[in-house]
Amino acid sequence: MKLIELEQVVLKRGGQLLLEEVNLTLRAGEQAVIRGPSGCGKSSLLAAVAGLLPVDSGRIVLAGKTLGPDSIQAIRGRIAFIGQEPLLGAETVRGALLLPFTFRAHRRTLPDEARIRQVLTELRLPETVLERAADQISGGEKQRLAIARALLLGKDIFLADEITSALDAESRQAVLTLLGRPEFTLLAVAHDPEFITARSRNYRVENRHLLAEE
Amino acid sequence: MDVPGIDNLSLLWSYLLLVIPLWLAWKWELGITSRALLAVFRMTLQLYLMGFYLGWIFRLNSPWLNLGWLAVMLLVANGAALRQRRLSYRLLFLPTLAGNLLVFVVTLGVFMLLVVRHADFFDARFLIPIGGMLLGNTMRGNIIALEHFYGSLRRDPGTYVTRLLLGATPAEASQPYLHEAMRLTVMPHIASVATVGIVSMPGMMTGQMLAGELPMGAIKYQIAMLIAVFSSMFLAAALSVLFSRARAFDAYGRLKPEVFR
C-alpha cells in the first residue's frame, strides 16, 4: 500500500522557487533518504508533507488521503515529525511522554505503565528517565523520547530531519535500529552515511529537483 | 471644601519642573529630549482638547451622547492596541472588539449599578471618567496580551508546532502562549495593587480628596476601581486573544502571515 505520495509538488518560500516537479512514492515499510546542500528545500519538503508549509501546486497523499483541511488531523495522527532538536514540552519526561494524551484527540488512548516501560526498553532508555526533569535530558535522549512518544501514539510514518547528526554512537544506533524496522515507513533528510542502508531509496536535491540516486 | 482652581499661569509654573530633567537628558546626550518635549506638547494639547469636549459633553449630559462617547473611546482603544503591535485590523479588529465590548459592558454595568449606585446611570460625571479608566487599563492589557501571544508564536513557534503535530488543535497547541501572555499582562497590575497605599497613592483617590472627599470615602472608590480594573483587564485580554485566535490560524492550523502588518 502506498503511504506517502508526492505528485508534481512545487514549493516556494517568500516568493522564491525552492523545489519543482517533486515526485516520490513510498510504500508501507519503505525508507527514503534525501540529501542536498543546505537551504535547498529538504527540510521545507518534510514540513510540507506534515502540512506545516503550503505547497504551491501538486498533490501530497498520505495513507490514501490527499493532504487538505479535511484530512489534516487524520494525517497528523499517522505521522511523527522528528526534528534535530525535539521539544519535549513538559517539565518532566513522564509529562512529555503523556503530553499528547492531554489533547482531545488522544484522551481515550492513554497508555498504561507496562506499555510505557516496553517502549522505553525498545529505545534503550532506563525507566528512571521518567522522573527526570526534561531540561536535564541530553540531545540523544530527547530524540529517543520523541520517538517513544510517537510509538505510544501508534504512529507508523516517520518524517525525520537530520535526527542523528548530533547524537552519540549509542543513541544513533538505537534510533537507526528502531526506525529501520519494517513496520515503519520513513522519509528522512540526512547526511549520515549510516542512515543510508541497503533498504533505503536515496534521493538528492539538485537544481530544485528531487533526483533518485541509483 | 472648594477645590482651588489652577489658572493657565499657575499651570505654566508646573512646566518648570521639566527644566532640570530635560537639561540633564540633553547634557548626557540620551537622545530623548526632543521626544520628551514632543510628548509633553502632545499631552498638553490632547488634555486641553479633552477638557473642552468633556466640558461640552458634561454640560449636555445626554445619555445617547455619553454612550456614543464611550463607544468612540472603545473603538479607538481597540484599534490602538492592534496598531501599537502592528497586528492586522482586517483579521483581528472585530473579534478583539467583541471581547472588549462584552467585558466593558459587564464591568461598567456592575460598577455603576452596584458600586456607584447613582440615581442617574448615564450621568456623564460618573459614566465617562469611570468608563475611561476601565478602557485605558483594558487597552494596556490588550497591547501586552496580543503582543506576547502573537509575537511569541511568530518568534518561537517550536512549542506550537510540536503540540500541533502531536494531535493538538490550534487552540490546544497555542495554550502555553495564551497562559504566558496572561501572566505577563496581569503581573504588573498585581504588583502595583500589592503596594498601593504603601508605595503609591492612586490617582482616583487623590482626585477625590482634592475635591473634598474624606480619605475613608476616597479609598472605597479606589479599592472598587482597582478590583474592576484588574477584572476587566484580565477578562478583556483573555477574550481578545481567545476570540481573535479563531481567525488567526488557517485550516491546517498554521498561523496566517497576514496577522502581522
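Owing to the predicted nature of the structure, the values given are computational and were not obtained by experimental measurement.

Asks: I keep staring at the overall build of chain B and nothing clicks. Help me out?
Replies: A tally of helices and strands in chain B yields 11 helices and zero strands. What you see in chain B, going N to C, is helices and strands ordered as α-α-α-α-α-α-α-α-α-α-α. Once the C-alpha set of chain B is aligned to its principal axes, its extents read approximately 65 × 55 × 35 Å. Expressed as a percentage of its 261 residues, the buried residues of chain B come to 38%. Counting only contacts in chain B whose residues sit at least 6 apart along the sequence, the fraction spanning at least 24 positions is 69%. In the form shown here, chain B has an accessible surface area of approximately 15,000 Å², with 71% of it arising from carbon and sulfur atoms. One way to put it: in chain B the 21 positive side-chain charges average out to a point 6 Å from where the 12 negative ones average out.

Asks: Sorry if this is basic, but what is going on with the packing of aromatic side chains here?
Replies: Any aromatic ring pair is given by two values, namely how distant the centres are and how the planes are angled relative to each other. Applying the stated criterion to the full structure yields seven aromatic pairs over all chains. Aromatic side chains F158(A) and F184(A) sit 5.0 Å apart centroid to centroid with 70° between the ring planes, which places their arrangement in the edge-to-face category. Of this pair, F158(A) sits in strand β7 (residues 157-161) while F184(A) sits in the loop between α6 (169-179) and β8 (185-189); the two residues are 26 residues apart in sequence, bridging distant segments of the chain. The pair F158(A) / F184(A) is uniform in exposure class, with both members buried. Measuring from ring centre to ring centre gives 5.2 Å for Y160(B) and F249(B), while their planes differ by 20°; the resulting arrangement is stacked.

Asks: Please explain the sheet that holds strand β4 (residues 57-62) of chain A as it appears in this structure.
Replies: Strand pairing in a sheet is mediated by backbone hydrogen bonds. Such pairs are either parallel or antiparallel. Residue and element names in this part refer to chain A. Taken together, four strands build an open sheet; the order of strands is β2-β1-β4-β5 and the sheet is antiparallel. One side of each edge strand has no neighbouring strand; the edge strands of this open sheet are β2 (16-27) and β5 (65-66). Bridge count between β4 and β5: two bridges; the pairing is antiparallel. Each bridged residue has a counterpart across the sheet, and for L62 the counterpart in β5 is K65. Across the sheet, helix α1 (residues 42-49) lies against β1 (2-13), β2 and β4, angled at about 120° from β1, the strand it touches most.

Asks: Honestly, the packing of helix α10 (residues 203-210) of chain B against helix α11 (residues 215-248) of chain B in this entry has me stumped. Any pointers?
Replies: Angle between the axes and distance between the axes: these two values describe a pair of packed helices. Residues and elements named next belong to chain B. Two numbers describe how α10 lies on α11: the axes approach to 8 Å, and their chain directions differ by 150°. By the angle class used here, α10 and α11 are roughly antiparallel. Along this stretch, α10 crosses α11, giving a crossing that reads as right-handed. From α10, G203, M204, M205, Q208 and M209 reach across to α11, where they touch P215, G217, A218, I219, Y221, Q222 and M225. By residue class, the composition of the contact of α10 with α11 is eight nonpolar, four polar and no charged.

Asks: How do you make sense of the nonpolar core when you look at a structure like this?
Replies: In this structure, I4(A), L6(A), L97(A), I147(A), F158(A), L187(A) and Y150(B) are the most contacted members of the largest nonpolar core, which totals 98 residues. Among the elements that take part in this core, helix α5 (residues 139-152) of chain A stands out by supplying seven residues, more than any other. In contact with F158(A), other than residues within four places in its own chain, are A80(A), I82(A), I147(A), A150(A), L151(A), L179(A), F184(A), T185(A), L186(A) and L187(A). Membership of the second largest hydrophobic core comes to 18 residues, among which are L70(B), L108(B), A228(B) and V229(B).

Asks: Explain the pattern of salt bridges here, please?
Replies: Two side chains of opposite charge can pair, provided their charged atoms sit close to one another. All names here are of chain A. Following the criterion strictly, the structure yields 18 salt bridges over all chains and no others. Between R94 and E113 there is a salt bridge, with the nearest N and O atoms lying 2.6 Å from each other. Of the two residues, R94 is situated in helix α3 (residues 93-98) and E113 in helix α4 (residues 113-122); the sequence distance between them amounts to 19 residues. Note that R204 and E213 form a salt bridge whose closest N and O atoms lie 3.9 Å from each other. Residues joined in a network through salt bridges with shared partners are R94, E113, R117, E127 and E131.

Asks: Looking at this structure, I do not really get the packing of α5(A) against α6(A). What am I missing?
Replies: Residue and element names in this part refer to chain A. Packing of α5 against α6 brings their axes to within 9 Å, and their N-to-C directions diverge by 20°. Classified by the angle their axes make, α5 and α6 are roughly parallel. Considering only the axes of α5 and α6, their crossing is left-handed. For the pair formed by α5 and α6, the contact residues are G140, R144, I147 and L151 on the first element and E170, S171, A174, V175, L178 and L179 on the second.

Asks: Can you help me understand α5(A) in this one?
Replies: If you check α5(A), its first and last C-alpha atoms are 20 Å apart, about what 14 residues at 1.5 Å a residue would give, namely 20 Å. Against the buried residues of α5(A) lie β6 (79-82), α3, α4, β7 and α6 of chain A together with α7 (158-165) of chain B.

Asks: Can you help me understand the side chain of Q222(B) in this one?
Replies: Residues and elements named next belong to chain B. Summarising the element assignment, Q222 is placed in helix α11. Taking the relative accessible area as the measure of exposure, Q222 reaches 5% and is therefore buried. Look past the residues within four positions of Q222 in its chain and what remains in contact with it is P202, G203, M204 and M205.

Asks: Honestly, the interface of chain B and chain A in this entry has me stumped. Any pointers?
Replies: Note on interface size: it is often stated as the accessible area lost on association of the parts. Of the residues lining the interface, 15 residues belong to chain B; the matching set on chain A comes to 24 residues. When chain B packs against chain A, close to 1,700 Å² is buried across both sides, 62% of that on carbon and sulfur atoms. Of all residues in chain B, the largest losses of buried area upon contact with chain A belong to L165(B), L166(B) and Y252(B), amounting jointly to 41% of the total for that side. Across the contact surface, chain B and chain A share one salt bridge. Applying the counting rule to chain B against chain A returns six residue pairs in polar contact (both at pLDDT 80 or more). With seven residues, α7(B) is the largest single contributor of residues to the side of chain B that touches chain A. Looking at side-chain class alone, the side of chain B that touches chain A contains seven nonpolar, five polar and three charged residues.

Cut-offs applied
- Residues numbered from 1 in each chain as written.
- Chains lettered and ligands numbered in written order.
- Predicted model: local features only at pLDDT ≥ 70, side-chain atom pairs only at ≥ 80, totals over all residues.
- Heavy atoms only, no water.
- Helix = DSSP H or I, 4+ residues; strand = E, 2+ residues; numbered from the N terminus.
- Buried < 20%, exposed > 50% of the residue type's maximum accessible area, 1.4 Å probe, protein only.
- Contact = heavy atoms within 4.5 Å.
- Areas by Shrake-Rupley, 256 points an atom, 1.4 Å probe, with all protein chains shown as cover.
- Lys, Arg positive; Asp, Glu negative; His and termini not counted.
- Charge placed at Lys NZ, Arg CZ, Asp CG, Glu CD.
- Phe/Tyr/Trp six-rings, centres within 6.5 Å; stacked < 30°, edge-to-face > 60°.
- Pairing = 2+ DSSP bridges.
- Axes fitted to C-alpha atoms, helices over the stretch in contact; angles between N-to-C directions.
- Parallel < 35°, antiparallel > 145°, perpendicular 65-115°, else oblique.
- Left-handed = near helix turned anticlockwise from the far one by under 90°.
- Nonpolar A, V, L, I, M, F, W, Y, C, P; charged D, E, K, R; others polar.
- Core = buried A, V, L, I, M, F, W, Y, C linked by side-chain atoms within 4.5 Å.
- Salt bridge = Lys/Arg side-chain N within 4 Å of Asp/Glu carboxyl O.
- Expected span 1.5 Å × (residues − 1).
- Buried area = accessible area lost by both parts, 1.4 Å probe.
- Polar contact = N/O pair within 3.5 Å; in protein donor to acceptor, adjacent residues only side chain to side chain.

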